Amino acid sequence: GQAPLLQGKKVVVTAGGTIERIDPVRYITNDSSGKMGFAIAAAARDLGADVKLVMGSTQSKPPENVELIPVQSAQDMYEAVTREWDDADIVVKAAAVADYRPKEVYTEKIKKKGDTLSLELVKNIDILETLGKQKTHQFLIGFAAETQSVEMYAREKLERKNCDLIVANDVTRTGAGFGTDTNAVHIYDREGLVEELPVIAKDDVAHRLLRIAAERIAGRN
Ligand code: PMT
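Quick summary incoming for the structure in this document. (Residues numbered from 1 in each chain as written. Predicted model: local features only at pLDDT ≥ 70, side-chain atom pairs only at ≥ 80, totals over all residues.)

### Concerning the overall build of the protein
Along its length, the protein carries five helices and 12 strands. In terms of overall size, the protein behaves like a compact globule, its C-alpha atoms giving a radius of gyration of 18 Å where 221 residues would be expected to give roughly 17 Å. Across its three principal axes, the protein shows a C-alpha extent of roughly 70 × 35 × 30 Å. Looking at the 221 residues of the protein, the share that counts as buried comes to 42%. Sequence-distant contacts, at least 24 apart, represent 61% of the contacts inside the protein between residues at least 6 apart. (Helix = DSSP H or I, 4+ residues; strand = E, 2+ residues; numbered from the N terminus. Rg over C-alpha atoms; globule rule 2.2 N^0.38 Å. Buried ≥ 20, exposed ≤ 12 C-beta atoms within 10 Å, placed from the backbone. Contact = placed C-beta atoms within 7 Å.)

### So, the site of the ligand
Around the ligand sit 26 residues in total, of which Ser33, Lys35, Met36, Ile127 and Leu128 are the nearest. Within the residue set of the shell around the ligand, elements represented by two or more residues are α1 (35–46), α3 (127–134) and β9 (139–146). Among the elements that line the shell around the ligand, the one with the most residues is β9, at four residues. (Near = placed C-beta within 6 Å.)

### A word on the nonpolar core
Judged by nonpolar contacts, the single largest core of 62 residues is most densely connected at Val13, Ile40, Ala41, Ala44, Met77, Ile141 and Leu210. Sorting elements by how many residues they give to this core places α1 first, with eight residues. With sequence-adjacent residues up to four places away left out, Ala44 is seen in contact with Leu6, Val11, Val13, Ala49, Val51 and Leu210. (Core = buried A, V, L, I, M, F, W, Y, C linked by C-beta atoms within 7 Å.)

### What about the packing of α1 against helix α5 (residues 202–220)?
Here α1 crosses α5 at 55°, and the two axes come no closer than 8 Å. It follows that α1 is oblique to α5 by the angle criterion. The element α1 and its partner α5 pack so that their crossing is right-handed. For the pair formed by α1 and α5, the contact residues are Lys35, Met36, Ala39, Ile40, Ala43 and Ala44 on the first element and Lys202, Asp203, Val205, Ala206, His207, Leu209 and Leu210 on the second. For the contact of α1 with α5, the class distribution of residues is nine nonpolar, one polar and three charged. (Axes fitted to C-alpha atoms, helices over the stretch in contact; angles between N-to-C directions. Parallel < 35°, antiparallel > 145°, perpendicular 65-115°, else oblique. Left-handed = near helix turned anticlockwise from the far one by under 90°. Nonpolar A, V, L, I, M, F, W, Y, C, P; charged D, E, K, R; others polar.)

### Observations concerning α3
Among the residues of α3, Ile127, Leu128, Leu131 and Gly132 are the ones counted as buried. For α3, the angular spread of the buried residues around the axis is 135°, confining them to a single face. Facing away from the buried side of α3, by more than 90 degrees, are the exposed residues Lys133 and Gln134. (Arc of directions from axis to C-beta.)

### Overview of the sheet that holds strand β6 (residues 90–93)
An order of β5-β4-β1-β6-β9-β10-β11-β12 is seen for the eight strands of this open sheet, with the pairing classed as mixed. A single partner strand is all that each edge strand has here, and the edge strands are β5 (67–70) and β12 (192–201). For this sheet, the mean inter-axis angle between neighbouring strands, taken without regard to orientation, is 15°. Where β9 meets strand β10 (residues 165–170), six bridges bridge the pair, whose relative direction is parallel. Within the sheet, the bridge partner assigned to Gly142 lies in β10 and is Ile166. Of the strands in this sheet, β6, β9, β10, β11 (182–189) and β12 are in contact with α5, which crosses β12 at around 155°. (Pairing = 2+ DSSP bridges.)

And the structure:
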């Protein structure tokens, strides 16, 4: 029979949200359940790839038979992805990474006092943008979670972060985005729209996305 589409390929996937510590009992996170990234990791495994799943905060169960690399913060995620980067063939950034983290991480629980409390936040590293700058042979896939002007913002991120593909997610659509088992996406490359997928299972989005990536990698050699 035919060799599986991604046999011999190393696929790195990030999934879930990041956790940005405030103090020993509190943190900032987001609504990512990890399902989209898990679906991609499972699809890559089914297509024969060697899969590294860098997993932040999630509400659901990761797939079996993929190597799990649990992380908390954006900085941890950056370091984990960087360790897997050099020999990766495809890198998919489905994780919802916090753009900011608390400037100070308190070692003791913050005490209640006063009617207001301000937390100063500082910018996190943009993992995808940093990878985009270091890209050599890697096929880099970003996601864009948007609530307005989806195509414009997604294509702007594709350019700025030097991705090969970007998966644009209108997270205001029913059955799409955070927490659901389904998603509805537009996939873009530099030239424009590659594919529009209606509301379908995240597993099906994942398979379609990896097939496009596999075809494009094959077309390079
Ligand atoms: O996990 P689920 O509940 O299944 O939900 C899926 C999802 C909605 C989280 C997923 O489909 C999705 O859209 N993920 C990207 C969410 C996001 O952070 O989007 P963004 O537009 O803020 O970021 C754009 C890209 O840059 C993303 O690939 C992100 O991983 C990356 N990024 C962002 C900020 C940062 N500091 N570093 C990054 O690498």
